[in-house]
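# Coordinate inspection notes
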Amino acid sequence: MEEMILKLKQEIIEVLNLEDITPEDIDNDAPLFGEGLGLDSIDALELIVLMEKNYGIKLQDPAKGKEIFKSINVMAEYIQKNRTR
Amino acid sequence: MLQESRVNVLSVKQISIQKPLTEEWMTNPEIHTENFVRAIDPDFRQFISAGDARRLGKLLKRALATSLSALHEGGITNPDAIITGTGFGSVESTELFLEAMIRDGEQMLKPTWFMQSTHNTASSLIAIHTQSYGYNSTYTQKGLSFECALYDAWLQFGLGRISSALVGGHDEMTPEFAGFMRKAGHLLEGEICSEAAVSALLSTREQEGTKALCTVAGVEVLDSPDAETLDHAVRSMIAGNIPDAVLTGMSGNATNDGYYHFLKKTLPEVPLLRYKHLFGVNFSSSAIAFYAAANCLGKGFIPPVLTLTGESVSCSKGILLINAVEGRHYSVILLKPLCGKL
Amino acid sequence: MAQNRSVSITGFGIVSAIGVGKQETLDSLLSNRTGIGRLKYLKTVHTEFPVGEVKLSDEEMERILGIAPGTPATRTALMGMLALHEALSDACLGRGDLLQAAFLNGTTVGGMDKSEQYYTDFIENDTRNEYIKSHDCGSCSEMTADRFGRFRYITTISTACSSAANAIALGGDMIRAGRADIVVAGGSECITKFHLNGFNSLMILDRELCRPFDVTRAGLNLGEGAAYLVLESDESVRKRGVKPIALLSGYGNACDAYHQTASSPDGEGAYLAMSRALADAGLAPADIDYVNAHGTGTPNNDVSESQAMIRLFGENMPPVSSVKSMTGHTTSASGSVEAAICILALRNGFVPVNYGWTNPMDDGIVPNMELKPSCRLRNILCNAFGFGGNDSSLILTATD
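Residues numbered from 1 in each chain as written. Chains lettered and ligands numbered in written order. Predicted model: local features only at pLDDT ≥ 70, side-chain atom pairs only at ≥ 80, totals over all residues. Heavy atoms only, no water.

### Quick look at the overall build of chain B
If you tally the helices and strands in chain B, you get 11 helices and 12 strands. The C-alpha radius of gyration of chain B comes to 19 Å, within 12% of the 20 Å expected for a compact globule of 342 residues. Structurally, chain B occupies a C-alpha span of about 60 × 45 × 35 Å along its principal axes. Split into buried and exposed, the 342 residues of chain B put 67% on the buried side. Within chain B, contacts between residues at least 6 apart in sequence are counted, and of these 76% link residues at least 24 apart. For chain B, the exposed area adds up to about 11,500 Å²; of that, 51% sits on carbon and sulfur atoms. Charge separation in chain B, taken as the distance between the mean sites of 28 positive and 35 negative side-chain charges, equals 3 Å. (Helix = DSSP H or I, 4+ residues; strand = E, 2+ residues; numbered from the N terminus. Rg over C-alpha atoms; globule rule 2.2 N^0.38 Å. Buried < 20%, exposed > 50% of the residue type's maximum accessible area, 1.4 Å probe, protein only. Contact = heavy atoms within 4.5 Å. Areas by Shrake-Rupley, 256 points an atom, 1.4 Å probe, with all protein chains shown as cover. Lys, Arg positive; Asp, Glu negative; His and termini not counted. Charge placed at Lys NZ, Arg CZ, Asp CG, Glu CD.)

### Topic: the side chain of Ser322 of chain C
All names here are of chain C. Looking at the secondary structure, you find Ser322 in the loop between strand S9 (320-321) and helix H13 (324-327). A polar contact of 2.6 Å, which involves the side chain of Ser322, links it to the backbone oxygen of Gly295. Looking at Ser322, its side chain comes within polar contact range of the main-chain nitrogen of Lys324, at 3.1 Å. Not counting the four nearest positions on each side in its chain, Ser322 is found in contact with Pro212, Phe213, Ala293, His294, Gly295, Val353, Asn354 and Tyr355. (Polar contact = N/O pair within 3.5 Å; in protein donor to acceptor, adjacent residues only side chain to side chain.)

### Quick look at the pairing of strand S4 (residues 153-157) of chain C
Residues in a regular strand project their side chains so that they alternate between the two faces of the sheet. Residues and elements named next belong to chain C. Along S4, five of the five residues are buried, which leaves the element largely enclosed by surrounding structure. Of the two faces of S4, the one holding Tyr153, Thr155 and Ile157 and the one holding Ile154 and Thr156 are both buried throughout. Bridge count for strand S3 (residues 102-106) against S4 is five bridges, and the pairing is parallel. Bridging from a neighbouring strand, Asn105 pairs with Thr156 of S4. (Pairing = 2+ DSSP bridges.)

### Considerations on the interface of chain A and chain C
Many structure descriptions define interface size as the accessible area lost when the parts assemble. The interface of chain A with chain C comprises nine residues on the first partner and six residues on the second. Between chain A and chain C, roughly 510 Å² of surface is buried when both sides are summed, and carbon and sulfur atoms account for 63% of that area. It is Ile42, Leu45 and Gln60 of chain A in chain A that bury the most area against chain C; as a group they hold 64% of the surface buried on that side. Our count for the contact surface shared by chain A and chain C stands at zero salt bridges. Taken together, the residues of the side of chain A that touches chain C sort by class into five nonpolar, two polar and two charged. (Buried area = accessible area lost by both parts, 1.4 Å probe. Salt bridge = Lys/Arg side-chain N within 4 Å of Asp/Glu carboxyl O. Nonpolar A, V, L, I, M, F, W, Y, C, P; charged D, E, K, R; others polar.)

### Here's the deal with the packing of helix H6 (residues 145-158) of chain B against helix H8 (residues 163-176) of chain C
Helix-helix packing is described using two parameters, namely the angle between the two axes and the distance between the axes. The geometry of H6 of chain B relative to H8 of chain C is characterised by a closest axis approach of 10 Å and an angle of 55° between their N-to-C directions. In terms of axis orientation, H6 of chain B runs oblique to H8 of chain C. When you trace H6 of chain B past H8 of chain C, the crossing you get is left-handed. Across the interface between the two elements, Tyr151, Asp152, Leu155 and Gln156 of chain B from H6 of chain B touch Leu170, Asp173 and Met174 of chain C from H8 of chain C. Considering only residue class, the contact of H6 of chain B with H8 of chain C consists of four nonpolar, one polar and two charged. (Axes fitted to C-alpha atoms, helices over the stretch in contact; angles between N-to-C directions. Parallel < 35°, antiparallel > 145°, perpendicular 65-115°, else oblique. Left-handed = near helix turned anticlockwise from the far one by under 90°.)

### A look at the confidence of the model for chain B
When the pLDDT values of chain B are averaged, the result is 94; 98% of them are 70 or greater. Across the interfaces of the predicted complex, the ipTM metric reaches 0.98, alongside a pTM of 0.97. (pLDDT = per-residue confidence, 0-100.)

### What to know about the environment of Leu150 of chain B
Residue and element names in this part refer to chain B. Counting through the fold element by element, Leu150 comes out in helix H6. Classification of Leu150 as buried rests on a relative accessible area of 2%. As a C-alpha pair, Leu150 and Ile40 span 110 residues in sequence and 25 Å in three-dimensional space. Setting aside residues up to four positions removed in sequence, Leu150 forms contacts with Val167, Leu202, Val219, Phe290 and Ile333.

### Concerning the interface of chain B and chain C
Contact with chain B, which involves 63 residues of that partner, is made by 68 residues of chain C. Taken together, the two surfaces of chain B and chain C that pack against each other cover about 5,600 Å², and 56% of this comes from carbon and sulfur. When the buried area of chain B at its contact with chain C is split by residue, Glu106, Tyr133 and Lys183 of chain B rank highest and sum to 12% of it. Our count for the chain B to chain C interface comes out at six salt bridges. For Lys142 of chain B, the salt bridge goes to Glu142 of chain C, with nearest N and O atoms at 2.9 Å. The interface formed by chain B and chain C contains 37 residue pairs in polar contact (both at pLDDT 80 or more). Among the elements of the structure, helix H3 (91-103), helix H4 (111-117), helix H5 (121-130), strand S3 (135-139), H6, helix H7 (175-183) and strand S6 (214-223) of chain B are those that each provide at least two residues to the side of chain B that touches chain C. Of the residues forming the side of chain B that touches chain C, the biggest block, seven residues, is contributed by H3 of chain B. Looking at the side of chain B that touches chain C, its residues break down into 27 nonpolar, 23 polar and 13 charged.

### Focus on the nonpolar core
If you look at the biggest cluster of nonpolar residues, it comprises 108 residues, and the most contacted ones within it are Phe290 and Leu335 of chain B together with Leu231 of chain C. If one sorts the elements of this core by residue count, helix H11 (residues 285-299) of chain B sits on top with 10 residues. Among the nonpolar cores identified, the runner-up in size contains 69 residues, and Leu32, Leu45 and Ile79 of chain A together with Tyr131 of chain C belong to it. (Core = buried A, V, L, I, M, F, W, Y, C linked by side-chain atoms within 4.5 Å.)

### Focus on the pattern of salt bridges
Two side chains that carry opposite charge are able to pair once their charged atoms sit near each other. Scanning all chains against the criterion turns up 38 salt bridges over all chains. The partner of Lys142 of chain B in a salt bridge is Glu326 of chain B, and the shortest N-O contact between them spans 3.1 Å. On the criterion of sequence distance, the pair formed by Lys142 of chain B in the loop between S3 and H6 and Glu326 of chain B in the loop between strand S11 (319-325) and strand S12 (329-336) is long-range, its members being 184 residues apart. We classify Glu326 of chain B as partly exposed; its relative accessible area is 32%. Its salt-bridge partner being Asp113 of chain C, residue Lys114 of chain C comes within 3.0 Å of it at the nearest N-O pair. Asp113 of chain C carries the same exposure label as Lys114 of chain C, and that label is buried. The structure contains a network of salt bridges with shared partners spanning Lys142, Asp223, Glu326 and Arg328 of chain B together with Glu142, Asp146 and Arg150 of chain C.

### A word on helix H5 (residues 112-124) of chain C
All names here are of chain C. Here H5 is 13 residues long and its end C-alpha atoms lie 18 Å apart, about the 18 Å a rise of 1.5 Å per residue gives. The sharpest bend along H5 measures roughly 65° and falls at Tyr118. Those residues of H5 not exposed but buried are Met112, Asp113, Lys114, Ser115, Glu116, Tyr118, Tyr119 and Phe122. (Expected span 1.5 Å × (residues − 1). Bend = angle between axes of the 7 residues up to and from the residue.)

### Section: the state of the cysteines
All names here are of chain C. Within the structure shown, the criterion is met by zero disulfides over all chains. A disulfide-free cysteine, Cys137 has its sulfur positioned 7.3 Å from the sulfur of Cys140, the nearest such atom. For Cys382, which is in no disulfide, the shortest distance to another cysteine sulfur is to Cys342 and amounts to 4.0 Å. The exposure class assigned to Cys382 is buried, which follows from its relative accessible area of 3%. (Disulfide = S-S within 2.5 Å.)

And the structure:
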């Protein structure tokens, strides 16, 4: 799981172009949206694309993203359960 | 059209194939020999945080940096109007989205690329960043886009609706699109395909602690004028006062250059100037012309690099700017030096 | 004073999913008939999205226009030509009249319908170079206008969904400032794979027929179309001996300055655009008889626009409806397509219905569901709100 979390953080940094951030900077339990990393609705859409591209998980409803992207840990758990790739 | 108050150019900033955000090109220009040259970018971190920059392509970063720089120098935080001209918009994002769409069978496409590719993104970005709720528009008329934006600003000033406007001309290029420009005949042999981002801050009010560069005395844009109409447009613009020089878009492109030489009949003895040999050619070239002329007037002289003779020309009466596009569209702009108070 | 100069509308033309020309459009509106259905013309994998296509193929449009097969033409320009032809005929304008006139066109996709088809050819060979020339927005406007003659001034506005509205407003400004006596203004936009996929990536398309201002709304349906209004000064109207069919009595432009693709929760930009239009026309909210809302059917727009309207009209909300569940969202052309529909409403005395609406929002307006035939409308407020917070409103007024 730890390896997967590191990979996920690197993918998020790349896809969202978070130039100044390293995986160590992202706390696994910190909120990704609002405070914490301060991501917004467009970033959420980019993460939905990331999940489909890298893990084969298709999300039809963007509102579901709010729960899944709560934190790195929540996101990693969801991916682990639902990945098809 | 009579202006009740004069429209002054408080500041104009550029990012181009010359050193960015400076006028160093006037005395020490970069010399380019390749036929496609990308702009020289400043360190954007002095204007834009990493967090904000993450979603911005080059065109948007340049539009924002030149805008913030012009606003800062002109001493205005929220202009009454933000009006942008761009011929092609964010080419890089358009290309990325289009190529991914074709390659990946219309699946899993990045929304950020699509968002950036709509042409009005620059105008809105500046408004969002500065929290400006005023008049906001974007013009996409090829090599005339900047003039169309300026013309709108001119109208708004004339109708008494605004007292300040940020007017921009921004275009970027990729190697692929540079190839397209040549295939479509927008660029000819000998012309350098380049990029440009220009933001000009205009105002009818005197700003404390700031000295304006010059005054906008007239703006005219014409589609397919005959020789007589064009001649008349030039003559009415100058109204009997011969300018110091005419800044033309001459670049070795016979379709357009022909007219510039015709100008010698309308304005004999008036030196012709050129700028495309320094700044290259793109759909926002005319914005560079505006920038160059405004800064010459601000400094009171026209440097040898712009003249055909290689000699400096003094600048106390005004500069007429003429842009010919595809031998069909023409813009005529007159910039005059400041004389005394408003 | 320039500001008070009257701007007359002396003709218009329209093409959309609900009709080619004014008569068909009027029939659809009066019969409450939607033009949204399954994709027929655009070649895309995303056939799951209902769309409002103009019911003509490119070839059929070329045949109607008498354009020789093989002549380079983009769908946006073809639709534009159909609408422009009708507008010029309606206003009795000939080739010679255009020499001193302006053509102001709103479009954001330009020639993308062909560029996306031939992109690989653009790179690999020289077989489609004429379509590289027609890719950009400005070229699209020229292609549309050139068929009818040479104008004195042509420009293109690309402010996403408010493009055509801004073109009309600019036309009003040119006439008020005495810079032109005749201006043809509006917009045209065809559906492309580019923006169908773009909107899909933003997850704002509905897989069902859209339901503006309905609590179950889930997104928009894309549409396509073109419409142009002929605007004239009083002097020109007198000189040509024509009769205005409506007045452009005011307009307002504001930036929401909130987000590139979402509207602010309190609808600040929308509120400012509508307020400025009213102030420009010298009217009070109580003078508005009908609001043609932007009403896209997205969760975001409809709540934001509702909030803005509630702030503006308070307890005295006039009838409001969105026609986008009939025409689809015609994006850059929507400002002029819907302005044309408003003129039909003024001239024929009816209030367009918010087709497909059933359930009220908790925090939104309740739209108009009755045609109200033979009603007398005096002033109509027409909204067009674009990505990037480019918000514009027009006010169309009946002639006496």
